[in-house]
Amino acid sequence: NAGVTQTPKFQVLKTGQSMTLQCAQDMNHEYMSWYRQDPGMGLRLIHYSVGAGITDQGEVPNGYNVSRSTTEDFPLRLLSAAPSQTSVYFCASRLTLAKNIQYFGAGTRLSVL
Amino acid sequence: AQKITQTQPGMFVQEKEAVTLDCTYDTSDQSYGLFWYKQPSSGEMIFLIYQGSYDEQNATEGRYSLNFQKARKSANLVISASQLGDSAMYFCAMSPGGAGSYQLTFGKGTKLSVIP
């Protein structure tokens with residue numbers, strides 16, 4: 001019962017560095033998404049994917065890239081990290097098409113210095 | 001555009017008492033879904049309950065119930081018989097209805113503290 005697995009749990013970067021946040025799910029969910037959570041705010045959608053090879057932008061996509069080569073994996077890339085990207089990042093996947101109930105990973109806490 | 005408002009930044013409740021967390025929403029969609037998620041101090045987001053806009057009955061899941069008042073655009077979460085483990089942040093969220101709906105719009109959350 002792994003569900004949605006995110007790695008790493010914590011990461012510290014310097015401004016300008018690049019990194020990839022990993023997300024994997026073992027539930028054969030077609031839909032996956034990335035959100036960020038900033039203090040005092042709810043989650044905001046960064047990018048999402050409705051299936052392998054298909055991605056689209058959410059509310060706050062700038063500074064992030066995604067790709068979806070397999071159903072299981074949906075990595076989020078920061079090409080040149082900025083302090084404004086300090087946040088907690090959540091990956092989610094969806095089971096039921098009609099209800100949009102999404103299941104979240106445990107999150108990655110990222111600090112950009 | 002959809003908007004979720006949670007007006008209670010923090011709430012306290014005595015253990016074993018019931019508590020209501022407020023959520024109001026704004027949307028021009030006729031079909032939509034309403035959700036509540038729990039975020040304990042460990043950080044994960046846990047799905048609690050779902051209510052569809054066309055559902056006639058209020059949703060219930062164990063000790064959780066959703067008080068859905070469509071005309072008032074409110075979707076309050078009621079937790080009965082509070083437990084210490086209920087202490088957490090609670091987020092209300094909504095989504096457009098229909099098969100092509102992907103984005104969840106979240107409120108800013110309410111921090112619930114259960115007092116022994």
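Residues numbered from 1 in each chain as written. Chains lettered and ligands numbered in written order. Predicted model: local features only at pLDDT ≥ 70, side-chain atom pairs only at ≥ 80, totals over all residues. Heavy atoms only, no water.

**Student:** Help me out: how do you make sense of the state of the cysteines in this one?
**Tutor:** One covalent bond between the sulfur atoms of two cysteine residues makes up a disulfide. Residues and elements named next belong to chain A. Scanning all chains against the criterion turns up 2 disulfides over all chains. For Cys-23, the disulfide goes to Cys-91, at an S-S distance of 1.8 Å. Across the disulfide from Cys-23 to Cys-91, rotation about the S-S bond amounts to roughly -75°, and the bridge is consequently left-handed. Of this pair, Cys-23 sits in strand 3 (residues 19–25) while Cys-91 is found in strand 9 (residues 87–94), placing the two residues 68 residues apart along the sequence. (Disulfide = S-S within 2.5 Å. Helix = DSSP H or I, 4+ residues; strand = E, 2+ residues; numbered from the N terminus.)

**Student:** Is there a simple way to explain the layout of surface pockets in this structure?
**Tutor:** Where empty space is left can be seen by rolling a probe of water-molecule size over the atoms. Space inside the largest pocket adds up to approximately 470 Å³. Along the walls of the largest pocket sit 26 residues, with Gln-37, Val-88 and Arg-109 of chain A together with Gln-39 and Gly-43 of chain B positioned nearest its centre. Listed by contribution, the elements that provide at least two residues to the lining of the largest pocket are strand 9 and strand 11 (108–112) of chain A together with strand 10 (88–96) of chain B. Looking at which element gives the most residues to the lining of the largest pocket, the answer is strand 11 of chain A, with 4 residues. The class makeup of the residues in the lining of the largest pocket is 10 nonpolar, 11 polar and 5 charged. What the second largest pocket holds in volume is close to 160 Å³. Forming the walls of the second largest pocket are Leu-43, Arg-44 and Glu-59 of chain A together with Gln-2, Lys-3, Ile-4, Gln-103, Leu-104, Thr-105 and Phe-106 of chain B. Broken down by class, the residue content of the lining of the second largest pocket amounts to 4 nonpolar, 3 polar and 3 charged. (1 Å grid on protein atoms, 1.4 Å probe; cavity = no way out; pocket = protein on both sides within 12 Å on 5 of 7 lines; lining within 4 Å. Points joined across faces, edges and corners; volume = space filled by probe spheres on them. Nonpolar A, V, L, I, M, F, W, Y, C, P; charged D, E, K, R; others polar.)

**Student:** Help me out: how do you make sense of the interface of chain A and chain B in this one?
**Tutor:** A common way to express how large an interface is: the accessible area buried when the components associate. Taken together, the 23 residues of chain A in the interface contact 19 residues of chain B. Interface area for chain A against chain B, summed over the two sides, is near 1,700 Å², with a carbon-plus-sulfur share of 60%. It is Leu-43, Asn-100 and Phe-104 of chain A that lose the most area in chain A upon contact with chain B, and together they represent 24% of the buried surface on that side. Applying the counting rule to chain A against chain B returns 0 salt bridges. There are 3 residue pairs in polar contact (both at pLDDT 80 or more) connecting chain A and chain B. At the level of secondary structure, the elements contributing two or more residues to the side of chain A that touches chain B comprise strand 4 (31–37), strand 5 (43–51), strand 9 and strand 10 (102–104) of chain A. (Contact = heavy atoms within 4.5 Å. Buried area = accessible area lost by both parts, 1.4 Å probe. Salt bridge = Lys/Arg side-chain N within 4 Å of Asp/Glu carboxyl O. Polar contact = N/O pair within 3.5 Å; in protein donor to acceptor, adjacent residues only side chain to side chain.)

**Student:** Looking at this structure, I do not really get the pairing of strand 6 (residues 46–52) of chain B. What am I missing?
**Tutor:** The side chains of a regular strand alternate, first on one face of the sheet and then on the other. Residue and element names in this part refer to chain B. The buried fraction of strand 6 is high, at 6 of 7 residues. Sheet topology note: the strand 5 (residues 32–39)/strand 6 ladder contains 6 bridges and is antiparallel. By the bridge assignment for strand 6, Gly-33 is matched with Gly-52. In this structure, the hairpin formed by strand 5 and strand 6 is closed by a connection of 6 residues, where Gly-43 is found at a positive phi of approximately 105°. (Buried < 20%, exposed > 50% of the residue type's maximum accessible area, 1.4 Å probe, protein only. Pairing = 2+ DSSP bridges.)

**Student:** Teacher, can you tell me more about the packing of aromatic side chains here?
**Tutor:** What describes a pair of aromatic rings is the distance from one ring centre to the other and the angle between the planes of the rings. Using the criterion set out here, one finds 13 aromatic pairs over all chains in the structure. On the numbers, 6.0 Å between centres and 45° between planes, the contact of Tyr-31 of chain A with Tyr-48 of chain A is tilted. With a gap of 17 residues between them, Tyr-31 of chain A in strand 4 and Tyr-48 of chain A in strand 5 connect regions that are remote in the sequence. Here the two residues Tyr-31 of chain A and Tyr-48 of chain A agree in accessibility, since each one is buried. Judged by centre distance (5.1 Å) and plane angle (55°), the rings of Phe-35 of chain B and Tyr-50 of chain B are tilted. (Phe/Tyr/Trp six-rings, centres within 6.5 Å; stacked < 30°, edge-to-face > 60°.)

**Student:** How should I be thinking about the side chain of Gln-39 of chain B in this particular structure?
**Tutor:** In this fold, Gln-39 of chain B is placed in strand 5. Within the local environment of Gln-39 of chain B, its side chain forms a polar contact with the backbone oxygen of Gly-43 of chain B, the two atoms lying 2.9 Å apart. Apart from residues lying up to four places away in sequence, Gln-39 of chain B is in contact with Gln-37 and Phe-90 of chain A together with Glu-44, Met-45, Ala-88, Met-89 and Phe-91 of chain B.

**Student:** Teacher, can you tell me more about a nonpolar patch on the surface here?
**Tutor:** Residue and element names in this part refer to chain A. Together, Met-27, Leu-95 and Tyr-103 make up an exposed nonpolar region whose accessible area comes to about 270 Å². For Tyr-103, the location among the structural elements is in strand 10. Look at Tyr-103 and you get partly exposed, because its relative accessible area is 33%. (Patch = residues over 30% accessible without salt bridge, like charges linked within 9 Å, V, L, I, M, F, W, Y side chains within 5 Å. Areas by Shrake-Rupley, 256 points an atom, 1.4 Å probe, with all protein chains shown as cover.)

Functional significance is not addressed by these values, which are geometric in nature.
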